[in-house]
Structures are given as C-alpha cells and as structure tokens.
Amino acid sequence: MRTELVSEPGDANRPNEDFAGVGLPASGQGGCVIVLDGVTPPKGETGCLHSVPWFTARLGGMLTELTVSGRDLTLPEILSRAIARTAGAHADTCDLSHPRTPQATVALARWSAETVEYLVLSDAALLLKAADGTVAPVLDDRLTRLPRTALATEALVDAHLRNKEGGFFTAAADPAVSARAVTGTAPRAGVRALVALTDGATRWTETFHEGDWTALFDVVAKEGARSLVDRVRELETADSEERVFLRRSKTHDDATVVYAEL
C-alpha cells in the first residue's frame with residue numbers, strides 16, 4: 001500500500017488551518033484518510049476563545065481515533081461523535097451557537113477488505129479511481145449551487161445560509177450536521193486508489209480549469225501530491241495581479257492533498 005500526504009499553508013506567516021491524517025490499523029486489512037479544511041472567519045467576533053487550527057486539530061484527532069477503532073460505527077456516526085466531543089471541549093468557555101464558531105469542511109474515507117466507505121461535507125473533495133481507470137468525484141456541491149448574489153456579504157451568508165436549510169453545512173458544533181454529508185459505499189475490489197483534497201488544492205480544477213478530475217488525479221498519482229500544490233501556487237501567483245480567476249478570493253489558500261493506493 002502506498003500513501004502520500006502534503007499540506008501547505010497559504011501564508012507562511014499564518015498557521016495552516018487544514019488537518020490531514022492517514023490511519024492504518026495493525027491488522028493490515030484496511031485504513032482511513034481524514035482531511036479537514038478549517039473555515040477562516042472574517043475579522044470580528046466568533047464567540048470562541050480558540051483558533052481554527054485548535055478546532056481542526058481536535059476534530060481531526062477525534063475523527064482519526066474513531067475511524068480506526070470504531071469499526072462498528074458508520075462514518076456519519078463517527079463524524080457526529082467527533083463533533084460532539086470537540087464541542088464538549090470548549091462549550092463551557094465559548095458561545096458555540098455563534099455562526100462563526102470554529103468549523104471545517106470534511107473529506108473522510110475508510111476501507112476494509114470488503115468495502116470503501118466515504119463521506120464529504122462542504123467543499124472538500126474525494127476522488128475514487130476504479131479498476132478500469134475511471135475517476136469518480138465525491139462532492140458536496142450545495143455551496144457552488146447557491147447564486148452569487150446570496151453570497152454577496154458575510155452577513156448574508158451567516159444569517160441565511162451557513163449551516164441552514166437551503167444553504168450549506170460545515171462541521172461546527174452541532175452533531176446533527178453529520179446527516180447532511182454526502183456518503184456512500186463501494187466494493188473494495190472496485191476502488192484502486194483515492195485522493196482527498198481541500199479546496200486550496202482543488203483550485204487546479206475548480207478555479208483555474210487546468211484539467212478535469214481525472215487529469216488532477218493523474219497529476220497526483222504520476223507526479224506526486226507536491227506537484228499538484230506547486231502547480232496551484234504557480235497559477236495563483238500568475239493571477240495575483242489581474243485576479244481573473246481568483247476574484248475576491250485570497251491569493252494563496254491552505255492546500256492539502258492525501259493520496260492512497262488501496
């Protein structure tokens with residue numbers, strides 16, 4: 001089995017808000033991949049004493065432990081328990097009802113000798129490569145389907161869309177959000193490899209349109225995860241002045257790529 005992980009902050013002067021982990025149980029019969037993208041809040045009050053990296057480290061650590069050890073739990077149950085435990089770690093000191101309480105997007109996969117289970121929440125991405133070479137993206141596209149006018153200001157997003165019906169959902173403080181995730185199961189024999197990415201890495205396809213998901217997968221599989229991040233950084237730098245592609249987005253975003261051959 002081959003795994004590869006690259007996670008790079010968008011700004012060397014700021015902590016990386018992503019989390020990535022790979023778990024390989026001692027039985028040798030399976031494993032898991034966990035990727036979180038912490039949501040950078042706008043300037044202002046968040047109701048929380050803790051940083052986004054604090055949150056993603058704890059949620060990611062709990063997801064890793066539960067995904068490896070809780071073989072009797074489904075992935076939504078694992079996400080629900082991890083969110084609840086993380087919320088419990090700061091419920092006494094922070095206002096977890098605040099719309100900007102620390103939160104993250106999630107891409108999670110677990111495999112055994114028989115099956116591959118997967119879960120995606122918000123704009124992280126998971127790509128599954130089949131035995132015939134076909135690449136199937138697992139995406140939660142609720143955010144991308146929203147009209148641009150609805151996303152005009154942070155206040156509008158927080159009031160009407162963030163973790164609300166008709167909007168989009170992230171892993172924050174409500175364990176029930178796990179039921180909103182995109183989930184599924186595939187036969188292990190039908191999946192040869194997978195890639196999990198934060199949206200800082202999916203920019204190569206989704207923002208700069210350099211290639212489709214199959215092309216992105218091929219870059220990672222053939223050239224390595226570092227090559228994809230380097231390509232994204234080059235494209236971001238080239239667009240930093242004109243901002244034809246990035247528009248209002250920050251020039252460089254945290255970028256995480258995890259590759260696993262099953």
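See the structure printed just above.
Residues numbered from 1 in each chain as written. Predicted model: local features only at pLDDT ≥ 70, side-chain atom pairs only at ≥ 80, totals over all residues. Heavy atoms only, no water.

S.K.: How do you make sense of the pattern of salt bridges when you look at a structure like this?
M.R.: As a working rule, side chains carrying opposite charge can pair if their charged atoms are close by. Enumeration according to the criterion identifies 18 salt bridges in this entry. A salt bridge links Glu-17 to Arg-14; its shortest N-O distance comes to 3.7 Å. Since its relative accessible area comes to 7%, Glu-17 is described here as buried. A relative accessible area of 45% places Arg-14 in the partly exposed class. Note that Asp-140 and Arg-142 form a salt bridge whose closest N and O atoms lie 2.9 Å from each other. By relative accessible area, Asp-140 is classed as buried at 6%. Classification of Arg-142 as buried rests on a relative accessible area of 17%. (Salt bridge = Lys/Arg side-chain N within 4 Å of Asp/Glu carboxyl O. Buried < 20%, exposed > 50% of the residue type's maximum accessible area, 1.4 Å probe, protein only.)

S.K.: Is there a simple way to think about helix H1 (residues 52–69) in this case?
M.R.: An α-helical turn contains 3.6 residues, so any two residues separated by three or four positions project in the same direction. Taking 1.5 Å per residue, 18 residues should reach 26 Å; H1 reaches 26 Å between its end C-alpha atoms and fits that length. Along H1, the residues that are buried comprise Val-52, Trp-54, Phe-55, Thr-56, Leu-59, Gly-60, Leu-63, Thr-64, Leu-66 and Thr-67. Here the buried face of H1 lies against strand E2 (18–23), strand E3 (31–38), helix H2 (75–88) and strand E4 (104–111). The residue sitting at the N-terminus of H1 and contributing the capping side-chain oxygen is Ser-51; that oxygen lies 3.1 Å from the backbone nitrogen of Trp-54. (Helix = DSSP H or I, 4+ residues; strand = E, 2+ residues; numbered from the N terminus. Expected span 1.5 Å × (residues − 1). Contact = heavy atoms within 4.5 Å. Polar contact = N/O pair within 3.5 Å; in protein donor to acceptor, adjacent residues only side chain to side chain.)

S.K.: Looking at this structure, how should I read the sheet that holds strand E9 (residues 191–197)?
M.R.: As a general point, the strands of a sheet are linked pairwise by backbone hydrogen bonds and lie either parallel or antiparallel. Spatially, five strands are ordered E1-E10-E9-E6-E7 in an open sheet, and the strand pairing comes out antiparallel. Taken across any chain shown, the strands that pair with only one partner, and hence form the sheet edges, are strand E1 (2–8) and strand E7 (135–139). Neighbour-to-neighbour, the strand axes of this sheet turn through a mean angle of 15 degrees, independent of strand direction. With six bridges joining them, strand E6 (residues 125–130) and E9 adopt antiparallel strand pairing. (Pairing = 2+ DSSP bridges. Axes fitted to C-alpha atoms, helices over the stretch in contact; angles between N-to-C directions.)

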